[in-house]
Amino acid sequence: RKDASILMMFDLFNDIWKFAANLRYHSTHIAAFTYKCIPMGPDYGCIEYVADCVPLTDIAKKYGNNTDNDAFIQQLVASSVGSYIASYVVGVRDRHSDNILIR
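Values in this document were obtained by computation on a predicted structure and should not be read as measured data.

Here is what the cut-offs are and how they apply
Residues numbered from 1 in each chain as written. Predicted model: local features only at pLDDT ≥ 70, side-chain atom pairs only at ≥ 80, totals over all residues. Heavy atoms only, no water. Core = buried A, V, L, I, M, F, W, Y, C linked by side-chain atoms within 4.5 Å. Buried < 20%, exposed > 50% of the residue type's maximum accessible area, 1.4 Å probe, protein only. Helix = DSSP H or I, 4+ residues; strand = E, 2+ residues; numbered from the N terminus. Phe/Tyr/Trp six-rings, centres within 6.5 Å; stacked < 30°, edge-to-face > 60°. Lys NZ or Arg CZ within 6 Å of the ring centre and 35° of its normal.

(A) Spotlight on the nonpolar core. Phe-10, Phe-13, Trp-17, Ile-30, Ala-32, Ala-78 and Ala-86 form the largest nonpolar core, which has seven residues in total. Among the elements of the structure, helix H1 (2-20) and helix H3 (70-90) are those that each provide at least two residues to this core. If you tally residues by element for this core, the top one is H1, at three residues.

(B) Molecular detail of the packing of aromatic side chains. All told, the structure shown has one aromatic pair when counted by the stated rule. With 5.7 Å between their ring centres and 15 degrees between their planes, Phe-13 and Trp-17 make a pair best called stacked. Here Phe-13 and its partner Trp-17 are both found in helix H1, four residues apart, which amounts to about one turn of the helix. Trp-17 shares its class with Phe-13; the two are buried. Directly above the ring of Tyr-88 sits Arg-93, whose terminal nitrogen or CZ lies 4.8 Å from the centroid.

So this is what it looks like as structure tokens:
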């Protein structure tokens, strides 16, 4: 149930950042990526499988030196900022590069 609540908060932050604040990194909207989460009991549930995710620490292995692609860098920064800010505000304290997944 906590995961579902956190993801609803992430959706709320995304709406605020996009519609109320028009918050952007260069031309890319700041947003935390969300996925479906269905609580089925107090301590268990189902989450959506998101294909092609890699830990942030492995991003260089998958994409190489892709720093010339401005759109890639802008999307990476905008989604990372959204995820980190939302996680901090709602009290998720275990954010580190091994458990941040990038798609």
